[in-house]
Amino acid sequence: MSCVKQRRESPAPDLGGFALIIASAFCYSMLPIFGKFALALGLPLLPLLATRFVIAAIVLWLWVLAAREYRQALFRVPRRHAAALLVWGVAGYAGQSALFFLALQRIPAGLTEVLLYTCPAFLALILWGITGRRPDPARLVAIALALLGTYLCARPGGGDVDAAGTALATFAGLWYALFLLGLHRLTPGIPGAGSGAFVVSGAGEAFDAAALLGGSYRLPP
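Residues numbered from 1 in each chain as written. Predicted model: local features only at pLDDT ≥ 70, side-chain atom pairs only at ≥ 80, totals over all residues. Heavy atoms only, no water.

What follows concerns the layout of surface pockets. A volume near 1700 Å³ is recorded for the largest pocket. Contributing to the lining of the largest pocket are 45 residues, with Ser24, Tyr28, Tyr93, Tyr176 and Val200 lying nearest its centre. Counting residues per element, the ones that place at least two in the lining of the largest pocket are helix H1 (15–40), helix H2 (45–66), helix H4 (79–104), helix H6 (119–131), helix H8 (163–186) and helix H9 (192–214). Element by element, the count of residues in the lining of the largest pocket is highest for H1, at 14 residues. Of the residues contributing to the lining of the largest pocket, the split by class is 35 nonpolar, 9 polar and 1 charged. Its boundaries defined by the atoms lining it, the second largest pocket holds a volume of some 290 Å³. Forming the walls of the second largest pocket are 15 residues, and the residues nearest its centre are Pro120, Leu123, Ala124, Leu127 and Arg139. Elements with a minimum of two residues in the lining of the second largest pocket: H6 and helix H7 (137–154). Counted by class, the lining of the second largest pocket contains 11 nonpolar, 1 polar and 3 charged residues. (1 Å grid on protein atoms, 1.4 Å probe; cavity = no way out; pocket = protein on both sides within 12 Å on 5 of 7 lines; lining within 4 Å. Points joined across faces, edges and corners; volume = space filled by probe spheres on them. Helix = DSSP H or I, 4+ residues; strand = E, 2+ residues; numbered from the N terminus. Nonpolar A, V, L, I, M, F, W, Y, C, P; charged D, E, K, R; others polar.)

Right under this line is the structure:
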């Protein structure tokens, strides 16, 4: 009889998932820079966001339609789920993006981005409140350090920081955490590119409608 104990093997880390997260963070880091350029050129906020999401929706739908696996999965998405993802794009992603760019109009790009990334700390705290399960000590320390670092970046140092802009960017982080929680419940069984296409399309429709109703729709020069 073998007396070798079977070890419970932990699943290998998904390196592809880590790479996608890093790529996402890199793209988000470019967003406020391009946003500052666009605002400096005098482009109104609503047309800027409408253009951003329309281009993104076109790219995502071309990606989905070009891949056979995604096309087949798309036909299996229940209509109510597709409609919910569109609505979540209008209410969730569009709201977060509007808060982010309103903050970007008032505070530096780097500070706006740092404050947006209070999102993971908010997400951990919200899950704690919902489930009642306290994060382990290491995660609590990480949350505390994240919030401390955010405070050190946002507090006035050698100059005043716009309080409204700081509040808007922080609220964008909270809004993004709530958006991700809702999105997590809507996407099981739906490929990421497909759910992203629905959500981004919903956000695009929201900003298109707002720009048209506001009478300020024009394309970037």
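The discussion continues.
For the rest of this paragraph, the subject is the environment of glycine 129. With respect to the element layout, glycine 129 can be found in helix H6. As for glycine 129 and cysteine 27, which are separated by 102 residues in sequence, their C-alpha atoms are 31 Å apart.

This part takes up the nonpolar core. In this structure, Leu48, Leu85, Tyr93 and Phe101 are the most contacted members of the largest nonpolar core, which totals 40 residues. Of all the elements in the fold, those that place two or more residues in this core are H1, H2, H4, helix H5 (109–116), H6, H8 and H9. Residue contacts for leucine 48: discarding those within four places in its chain leaves Ala38, Leu39, Leu43 and Phe101. (Core = buried A, V, L, I, M, F, W, Y, C linked by side-chain atoms within 4.5 Å. Buried < 20%, exposed > 50% of the residue type's maximum accessible area, 1.4 Å probe, protein only. Contact = heavy atoms within 4.5 Å.)

Before going further, it helps to spend a moment on a nonpolar patch on the surface. Residues Val141, Leu145, Leu148, Tyr151 and Leu152 make up a contiguous nonpolar surface patch of about 500 Å² in total accessible area. Position of valine 141 among the secondary structure elements: in helix H7. (Patch = residues over 30% accessible without salt bridge, like charges linked within 9 Å, V, L, I, M, F, W, Y side chains within 5 Å. Areas by Shrake-Rupley, 256 points an atom, 1.4 Å probe, with all protein chains shown as cover. Salt bridge = Lys/Arg side-chain N within 4 Å of Asp/Glu carboxyl O.)

Considering all chains together, one arrives at 11 aromatic pairs under this definition. Plain terms: the ring middles of phenylalanine 53 and phenylalanine 207 are 5.6 Å apart, the flat faces sit at 15 degrees to each other, and that makes the pair stacked. Residue phenylalanine 53 is located in helix H2, and its partner phenylalanine 207 is located in helix H9; the two are separated by 154 residues in the primary sequence. Residues phenylalanine 53 and phenylalanine 207 agree in their burial class; the two are buried. (Phe/Tyr/Trp six-rings, centres within 6.5 Å; stacked < 30°, edge-to-face > 60°.)

Where H1 meets H4, the closest approach of the two axes is 10 Å, and the angle between their N-to-C directions is 60 degrees. On the basis of the axis angle, H1 is oblique to H4. Where H1 crosses over H4, the handedness of that crossing is right-handed. Facing Tyr28, Leu31, Pro32, Gly35, Lys36 and Leu39 of H1, the residues of H4 in contact are Tyr93, Phe100, Phe101 and Leu104. A class-by-class count of the residues in the contact of H1 with H4 yields 8 nonpolar, 1 polar and 1 charged. (Axes fitted to C-alpha atoms, helices over the stretch in contact; angles between N-to-C directions. Parallel < 35°, antiparallel > 145°, perpendicular 65-115°, else oblique. Left-handed = near helix turned anticlockwise from the far one by under 90°.)

Tallied over the entire structure, the rule returns 2 salt bridges. Aspartate 162 is the partner of arginine 106 in a salt bridge, and the nearest nitrogen-oxygen pair spans 2.9 Å. You can see arginine 106 sitting in the loop between H4 and H5 and its partner aspartate 162 sitting in the loop between H7 and H8, a full 56 residues away along the chain.

A few words now on the confidence of the model for the protein chain. Looking at the protein chain as a whole, its pLDDT mean stands at 84, while 92% of the residues score no less than 70. Contacts for the low-pLDDT stretch residues 1–7, under 50 throughout, to residues beyond four places or in other chains number 0 contacts. (pLDDT = per-residue confidence, 0-100.)

Turning our attention to the packing of H6 against H7. The contact between H6 and H7 brings their axes to 9 Å, and the two run at 135 degrees. Overall, the two elements H6 and H7 adopt an arrangement that is oblique. Note on packing geometry: the crossing formed by H6 with H7 is left-handed. Residues Ala121, Ala124, Leu125 and Trp128 of H6 pack against Leu140, Ile143 and Leu147 of H7.

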